[in-house]
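# Understanding the architecture of this molecule
Chain by chain, the residues:
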4 protein chains.
Amino acid sequence: MRAKSVTEQARRAQIVGAAVEVLAEVGYAAMSFKLIAARAGLSSTGLISYHFRSRQELVDEVSADVLRRFAEFVLGFLDRSDTATGELRAFLRANLRFMRDHRTLMVALTQVRPHASGPGPEDDLRGMADLLRAGQAAGEFRAFDADTVAIFVLALRNGVLARSAEDPGLDLDLCERELWTVVELAVVG
Amino acid sequence: MRAKSVTEQARRAQIVGAAVEVLAEVGYAAMSFKLIAARAGLSSTGLISYHFRSRQELVDEVSADVLRRFAEFVLGFLDRSDTATGELRAFLRANLRFMRDHRTLMVALTQVRPHASGPGPEDDLRGMADLLRAGQAAGEFRAFDADTVAIFVLALRNGVLARSAEDPGLDLDLCERELWTVVELAVVG
Amino acid sequence: MRAKSVTEQARRAQIVGAAVEVLAEVGYAAMSFKLIAARAGLSSTGLISYHFRSRQELVDEVSADVLRRFAEFVLGFLDRSDTATGELRAFLRANLRFMRDHRTLMVALTQVRPHASGPGPEDDLRGMADLLRAGQAAGEFRAFDADTVAIFVLALRNGVLARSAEDPGLDLDLCERELWTVVELAVVG
Amino acid sequence: MRAKSVTEQARRAQIVGAAVEVLAEVGYAAMSFKLIAARAGLSSTGLISYHFRSRQELVDEVSADVLRRFAEFVLGFLDRSDTATGELRAFLRANLRFMRDHRTLMVALTQVRPHASGPGPEDDLRGMADLLRAGQAAGEFRAFDADTVAIFVLALRNGVLARSAEDPGLDLDLCERELWTVVELAVVG
DNA sequence: GATGAATGAGCTTTCATTCAT
DNA sequence: CATGAATGAAAGCTCATTCAT
């Protein structure tokens, strides 16, 4: 792979940013190069094709980019704790805070991820199941099937984010408190 | 609204059925009349337009049709119990069984519902919150914010269905058992 | 050509009538079997195709039918006079009265005639030129090129009808008086 | 409104030109992007949509373009005279000459104008009525209802043009002479 | 690198017509 | 005779992509 010039990188970022906004606004199915170009202030959709080999490459990059930012954000919450319980709590909190602070990114991610290559839900699940198993090994969590409960934890996360996307008025701080209560009850036992 | 002839009804059903299969296979964004016509063995897309005023009408009908079948299915589980706990358990069980027995319908529904008119997630939430409040009033459930926990319960349902859609090998019976354990812990307290 | 049954004739008339209304309302370019069927209260456009070999045949029949009615109407005015001047005046009066009393027919005719076979403007012109020549031979009209002035007379007729079609509020009685003044000045000299 | 590039302008003009030819040849109802693209030597109808937002925009532009050319042409005749009589005569002469020299444009205009936005017949009538009133005020014309006679004058113009469109062999120079005789008789009195 | 014009396949929808019942 | 379902061509329009400048 070639090294990318600074200008090139800047343009790609600009286009990805515009795509994020479009995705959050009209959804994946209605996203088009025309809308993205307009949103980015570009004079031609040709420029998008110039910087991205194909629509799919753009979709992948949008997904990867938002995912990277999200991961960084979550990491900022995680590295303060060392128990599995603390890590789980930090993860959930980070997710809801990201939604609160970067709603557009989050909504765009939910729209684009099903159509992007790159890490999928299985990868999320693997990580979560590992965390849960670690908690069980440390005696913090009750006995349960970690793979299955991992599905549940991520389902709760996704569901709250989806609801918040539908209803911008949702009180995410209340959600965070109630969510932790529920997860603690369910996982710690 | 005019009465629809038998043939008309049959064709519409056939088209809706083909649309369901296409939706489950390629997703909403890639759905097209061409694919549906091919799947249904129709000679042209014109026939779809003949039976449905517009693409949106087809989308709405697909959503309504699957939703109706799903509601019937769920009802078959519900009317055996009378406590809120029993009803909640039956609801969750019914959902997972529907996925197990009618996977294509369920997957199609997740694809189409965000783009259909008709009842939306808010309506689901309202019903669930009412059930939870009834359980609280009956002393079956612990104290929590019913609207928020309704989000959680439906999130769990949706998440399991989504996971099952991604991974057809998922053991839904195991999920059902673990899910009820988790929900009981979380809701009954 | 086969004899047409009574029912057949009635249906054709009904369809022609509906076509006239549609033509007057939306114009030739926007006319369609669907609109005509709806207007006639028919359940299918197939019925139109059943009674008319083709769209063109319907168009021709509409034109011929209205033209026939128009001719009858005009005749009712003509047969009272015997001079060319009287006949010319009666002709013009009849035209404007027909527009006043049967506006829909007249408007439909202007829409359909350019697309119908059957007698065309040349035939109208021939008749008018003959009348003018007769008037010249009788010493009623001044010397002019009859073929050319025939164009003018029919142009005046057509223009007034077209204007009246555009502006239903046009005072056709005033038009009739002014028109005759003008024609008399121009033709008698 | 954005400034249009030279190439853009040229293509639009080319498409408008092709549309004019198609209109003159097959009429408004049978006009289609396919015919226009073929006539213009374009590879696809998509290019027409690329340069014109919609069919209606093309229709409007064709009408406006021909109208503009026509107005310029007429102006070249008008500015030599100062009496109402002279202006009227120049107007009529200009119309017939335009038909003689730019028959395709003229025929296209008659086809497209009823379906275009932009100035309509009422606007033509207003101008003509004003001219007639000016002539009356100057004592050049006899007493008549200017609004009505304006209809007549334009009717004569339209009728001759229509006839010429139908019969390309029509002697427009003869028409011009006879027309002026008739108009003079009718208007001057 | 950027532009905007061009491409051609694709979309949904409408059309007149045909056909089995 | 009438119905309404079916047909396939054609419509206007949008799409991602390509290309010359």
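These notes cover the structure that comes with them.

Calculation rules
Residues numbered from 1 in each chain as written. Chains lettered and ligands numbered in written order. Predicted model: local features only at pLDDT ≥ 70, side-chain atom pairs only at ≥ 80, totals over all residues. Heavy atoms only, no water. Near = heavy atom within 4 Å. Polar contact = N/O pair within 3.5 Å; in protein donor to acceptor, adjacent residues only side chain to side chain. Helix = DSSP H or I, 4+ residues; strand = E, 2+ residues; numbered from the N terminus. Nonpolar A, V, L, I, M, F, W, Y, C, P; charged D, E, K, R; others polar. Contact = heavy atoms within 4.5 Å. Buried area = accessible area lost by both parts, 1.4 Å probe. Salt bridge = Lys/Arg side-chain N within 4 Å of Asp/Glu carboxyl O. Core = buried A, V, L, I, M, F, W, Y, C linked by side-chain atoms within 4.5 Å. Buried < 20%, exposed > 50% of the residue type's maximum accessible area, 1.4 Å probe, protein only.

This brings us to the protein's contact with DNA strand F. Close contacts around DNA strand F come from 36 residues, with Arg11 and Ser43 of chain B, Ser43 and Ser44 of chain C together with Arg55 of chain D the closest. In DNA strand F, the atoms that sit within 4 Å of the protein are 72% sugar and phosphate, with bases accounting for the remainder. One of the side-chain nitrogen or oxygen atoms of Thr45 of chain A is found 3.3 Å away from a base oxygen of DNA strand F. Here a base nitrogen of DNA strand F sits 3.0 Å away from a polar atom, N or O, in the side chain of Ser44 of chain B. It is helix α3 (residues 46-51) of chain C that contributes the most residues to the surface near DNA strand F, four residues altogether.

Near DNA strand E, the surroundings consist of 36 residues, among which Ser5, Ser43 and Ser44 of chain A together with Arg11 and Ser43 of chain D are the closest. Considering DNA strand E, the proportion of its atoms within 4 Å of the protein that are sugar or phosphate atoms stands at 71%. Between DNA strand E and the protein, one listed contact pairs a phosphate oxygen with a side-chain N or O atom of His51 of chain A at 2.9 Å. Between DNA strand E and the protein, one listed contact pairs a phosphate oxygen with a side-chain N or O atom of Arg11 of chain D at 2.6 Å. Among the elements of the structure, α1 (6-26) and α3 (46-51) of chain A, α2 (33-40) and α3 (46-51) of chain B, α2 (33-40) and α3 of chain C together with α1 (6-26) and α3 (46-51) of chain D are those that each provide at least two residues to the surface near DNA strand E. Looking at which element gives the most residues to the surface near DNA strand E, the answer is α3 of chain A, with four residues. Broken down by class, the residue content of the surface near DNA strand E amounts to seven nonpolar, 21 polar and eight charged.

Moving on, we come to the interface of chain C and chain D. Taken together, the contacts link 28 residues of chain C with 28 residues of chain D. Counting each side, the surface lost to burial between chain C and chain D is near 2,300 Å², with a carbon and sulfur contribution of 78%. Here chain C is connected to chain D by zero salt bridges. Our count for the contact surface shared by chain C and chain D stands at two residue pairs in polar contact (both at pLDDT 80 or more). Broken down by secondary-structure element, the contributors of at least two residues to the side of chain C that touches chain D are α7 (121-137), α8 (146-166) and α9 (172-188) of chain C. Split by residue class, the side of chain C that touches chain D holds 18 nonpolar, four polar and six charged.

Once that is clear, we can look at the nonpolar core. A general feature of soluble globular proteins is that nonpolar side chains tend to end up buried together. Residues Leu58, Leu88 and Leu132 of chain A together with Leu58, Leu88 and Leu132 of chain B are the most contacted members of the largest nonpolar core, which totals 137 residues. Considering every element that reaches this core, the biggest residue donor is helix α8 (residues 146-166) of chain A, with eleven residues. Discounting residues that sit within four places of it in the chain, Leu88 of chain B has contacts with Met128, Leu131, Leu132, Phe141, Val153, Trp180 and Val183 of chain B. If you look at the next biggest cluster of nonpolar residues, it comprises 136 residues, including Val59 and Leu109 of chain C together with Ala40 and Leu105 of chain D.

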